[in-house]
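What follows is each chain in one-letter form.
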There are 2 protein chains.
Amino acid sequence: MATSRAEPSFCLGEHTLKVPMALFKDNRRRLIERLKLSPKFTNRAMILLQGGDSHQRYCTDVDIAPFRQESYFHWTFGVIEPGCYGAINVDTGRSTLYIERMPDEYVIWLGKIKPPQYYKEKYNVDEVLYVDELCTDLQKKDPEVLLLLKGLNTDSKSVTKPAGFDGIGQFKTDNEMLHPIIAECRVFKSDMEIEVLRYANKISSEAHKVVMRNLKPGMYEYQAESLFLHHCYSYGGMRHVSYTCIAGSLFDMGAEYNCYASDITCSFPASGKFTEDQKTIYNAVLHANRAVLAASKPGVPWPEMHRLSERVLLEELKTGGLLQGDINDMMKVHLGAVFMPHGLGHLMGIDVHDVGGFPELIDAALANPEQAKFLYEQRINQFRGTGGVRVEDDIVIIPDGAELLTCVPRTVEEIEAVMRGDKSEEK
Amino acid sequence: MATSRAEPSFCLGEHTLKVPMALFKDNRRRLIERLKLSPKFTNRAMILLQGGDSHQRYCTDVDIAPFRQESYFHWTFGVIEPGCYGAINVDTGRSTLYIERMPDEYVIWLGKIKPPQYYKEKYNVDEVLYVDELCTDLQKKDPEVLLLLKGLNTDSKSVTKPAGFDGIGQFKTDNEMLHPIIAECRVFKSDMEIEVLRYANKISSEAHKVVMRNLKPGMYEYQAESLFLHHCYSYGGMRHVSYTCIAGSLFDMGAEYNCYASDITCSFPASGKFTEDQKTIYNAVLHANRAVLAASKPGVPWPEMHRLSERVLLEELKTGGLLQGDINDMMKVHLGAVFMPHGLGHLMGIDVHDVGGFPELIDAALANPEQAKFLYEQRINQFRGTGGVRVEDDIVIIPDGAELLTCVPRTVEEIEAVMRGDKSEEK
């Protein structure tokens, strides 16, 4: 991590993106602005967040993985070290970071221990103290209430852990106000945040292309995963992936930079050449994706986009000879869900939940007379056992539509060109 | 993971090592044999171990890292899935594995759910049931006592978590007998285990060579780490490292295969060519390493080997003009610890604790008249700020000495040859 005095930032070398600490300062500003609009807002409130800790494998002293910051803490402070706390005076906007105090003897293994002043400059906060000073410092600052982060993660059904420390009992705390407001702030991305998401997408897209170029029949899925990971880390400074790679009949892989995620799925034949049947299915999915992309803009309801994707999918499957009958009638019996068993998508930063493959649903549909009448069973059976197709992109809703952040080969022609090493046709 | 009916095994492709499930069956046999020698042993005892679970990042639904089995459970059963339990009837040796029952709808994402019979064959155990059957199955088997695993990990100071399940209160349990015995069993490696350690070393050694060949001044440490990780995973099927890579002034990096670790440090100049001063320090460390390797054999006490390494190191530093005086006098004031602040080594499978760099200790020694009189301060100062040198190999004590598992270029000549791309002189 390099920091410059002119503009504190996170950067992993000239070839990687410089993420300005102003991004996090701006997030803090947005958070305070929203908090003040809350009818429950009281003066002299102080936000207190607890950062993540590293975790060891079971009873051993080996880290499970390189440390990755807790997401709310990262959004607010952009701090990459474990064991921190952060406080924000809501009235003044003044931010205090509390860092771990390293025992003196760590100098042998870590080199010179950096003083608080170093972290104050690195993270562009107003003050840096040690965690062991947290309680007395809060006593001194004497807030009316500590706003702590407690709330449900609707994807995992887990609850965030509110900040805790010895002596917190002497403070008035509020566990309810902060979570919905900070969560909503996270939904709306600033331009600085989109820039990081764009970079995460750029590098992950390149890594998908590396996989396409190097894939050969007989290779193991994990070898493709390894290529992806290596490219993202070595060329993009992306040490973590946004989720464990899913390398099966499709490649659902995305890396994160400074905790900002990408989430991209590519589906292509190992041979480098689509059969006519593969083209039929692939294009059905791609056209559904592109129809939604073209129609996306502020104010468009999500369910409407989901129905649009199902409609395009069903139309193409009908053209491809897998389905018969009226599309509107198919929509009424939810036939789309048989072929697209997952949601249309999800907000970025909320991670992926599902992988492809849906033969069981087709059996259920064949057994359901309301749906079965639309299905050409014999034609459908030709596609069994081939896994699924997914075309997953990352987009930002902008004032006049949607910006596509992902830049991987998508059409059959583009994919085949990349896989045969033809750079001229590459996207 | 491929399994053959002839010999169940863990394998990640033709190019990777086949680890026979007989290894774990043999571990179970050795464990029972040792338990029966214990004065506390009673009949109708049953060992019950709980396998590891996957862990999510904070409140999210994203796994922190790909699942890695708990080490005691792996040693006993070799099972790569999370959420399992395993029981062994100590009288009969009969083993039962309890696996997670997947909800039926998981078929959409996972494909056909494998039945218990599949796992019985895959892991070569006597019986496979579901975890939700554990309590009633144990009631039926009615053991006199359940031997659970509870004990201190002396490296982390953490305590292993004994198996737990709803209803355990109705059984007599023993938390004391198992831990010291299974820990001691793990110290002594079977031939089958050494074969896996040898493989882990072979692939990690190759990966170190790839780093040496590709290192150029100006590269980032994390790019070297990424190369290492990619080689181990893609060519060796090693998805996990034994510990987070330490890529600084030296490369302390080791990957694991089927949970069996390697732990290798290489130190070399980024330029590919040692200066005379670098040679002096490097050879002092290498010769200390090699002296210990040559002297290691069954029955040799660890402290004696530690003293031998310090003696060689001090002798070479004296020859190199950094020290003056009598070596025996230096040994009396523990001068070796100033230059080698960590232990001589550690048992394999217990993970690494320390990184290089020791200028602080030298300042303390310079301030200590008992040690300072041996030091040529000016000459020593020439080496400040250059980080440390470590030569870390993995060895097995065999009846007539020690086998070196690590196979990386070690002499100055070998390292320089590899770094200039000369394969003829490669080790």
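In the nomenclature of an unreviewed UniProt entry, chain A is known as Xaa-Pro dipeptidase of Paralvinella palmiformis. Note on chain A: under the UniProt heading Cofactor (unreviewed entry), the record states "Mn(2+)". UniProt annotates chain A under Subunit (unreviewed entry) with the comment "Homodimer."

## A closer look at the sheet that holds strand β7 (residues 145-147) of chain B
All names here are of chain B. One open sheet accounts for six strands, arranged β6-β5-β4-β3-β7-β8; its pairing is mixed. The open sheet has two edge strands with one neighbour each: β6 (127-130) and β8 (173-174). As judged from the three bridges shared by strand β3 (residues 45-50) and β7, these two strands associate in the parallel manner. Bridging across to β7, Met-46 finds its partner in Leu-146. Sheet strands in contact with helix α5 (residues 134-141) are β3, β4 (85-89), β5 (95-99), β6 and β7, and its direction is about 160° off that of β5.

## Regarding the packing of helix α1 (residues 22-37) of chain B against helix α6 (residues 178-187) of chain B
Residue and element names in this part refer to chain B. It is at 10 Å that the axes of α1 and α6 come closest, and there the two elements cross at 130°. Relative to α6, the element α1 is oriented oblique. Regarding α1 and α6, the two cross each other, and that crossing is right-handed. Together, Arg-30, Leu-31, Arg-34 and Leu-35 of α1 and Leu-178, Ile-181, Ile-182, Glu-184 and Cys-185 of α6 make up the contact between the two elements.

## Side note on the interface of chain B and chain A
In this complex, chain B contributes 62 residues to the contact, which on the side of chain A involves 62 residues. Interface of chain B and chain A: buried area, both sides summed, is about 4,800 Å²; carbon and sulfur atoms make up 59% of it. Our count for the chain B to chain A interface comes out at four salt bridges. A salt bridge links Glu225(B) to Arg239(A); the nearest nitrogen and oxygen atoms lie 2.9 Å apart. Counting the contacts that link chain B with chain A gives 24 residue pairs in polar contact (both at pLDDT 80 or more). For the side of chain B that touches chain A, the secondary structure elements donating two or more residues are α3 (107-110), α8 (221-236), β9 (240-241) and α13 (359-366) of chain B. Here the element with the most residues in the side of chain B that touches chain A is α8(B); it accounts for nine residues. For the side of chain B that touches chain A, the class distribution of residues is 25 nonpolar, 23 polar and 14 charged.

So, how was this worked out
- Note on numbering: residues in each chain are counted from 1, in written sequence order.
- For this description, chains carry letters from A and ligands carry numbers from 1, given in the order in which they are written.
- The predicted nature of this model means local features are confined to residues of pLDDT at least 70 and side-chain atom pairs, given and counted, to a pLDDT of 80 or more, with totals for whole chains, interfaces and linings taken over all residues.
- Side-chain metrics rest on all non-hydrogen atoms present in the structure, leaving aside hydrogens and water.
- UniProt positions are given in the numbering used here, feature names are shortened, and annotations may be inferred rather than shown by experiment.
- DSSP-based pairing: two strands are paired if at least 2 bridges between them are found.
- Working definition: helices are DSSP H or I runs of at least four residues, strands are E runs of at least two. Numbering for both runs from the N terminus.
- Contacts: residue pairs with any heavy atoms within 4.5 Å of one another.
- Every angle, taken between N-to-C directions, lies between 0 and 180 degrees, and every axis is a line fitted to C-alpha atoms, over only the stretch in contact when it is a helix.
- The cut-offs work like this: below 35 degrees is roughly parallel, past 145 is roughly antiparallel, 65 to 115 is roughly perpendicular, and the gaps in between are oblique.
- When the near helix sits turned anticlockwise from the far one by under a right angle, the crossing is termed left-handed; a clockwise turn instead gives a right-handed crossing.
- We define buried area as the total accessible area lost by two parts upon association, computed with a 1.4 Å probe and summed across both.
- Definition used for salt bridges: Asp or Glu carboxyl oxygen within 4 Å of a side-chain nitrogen of Lys or Arg.
- Throughout this description, a polar contact denotes any pair of N or O atoms lying within 3.5 Å of each other; where both atoms belong to protein, one of them has to be capable of donating a hydrogen while the other can accept it, and for residues adjacent in sequence the pair is counted only when both atoms sit in side chains.
- Classes in brief: Ala, Val, Leu, Ile, Met, Phe, Trp, Tyr, Cys and Pro nonpolar; Asp, Glu, Lys and Arg charged; the others, Gly included, polar.

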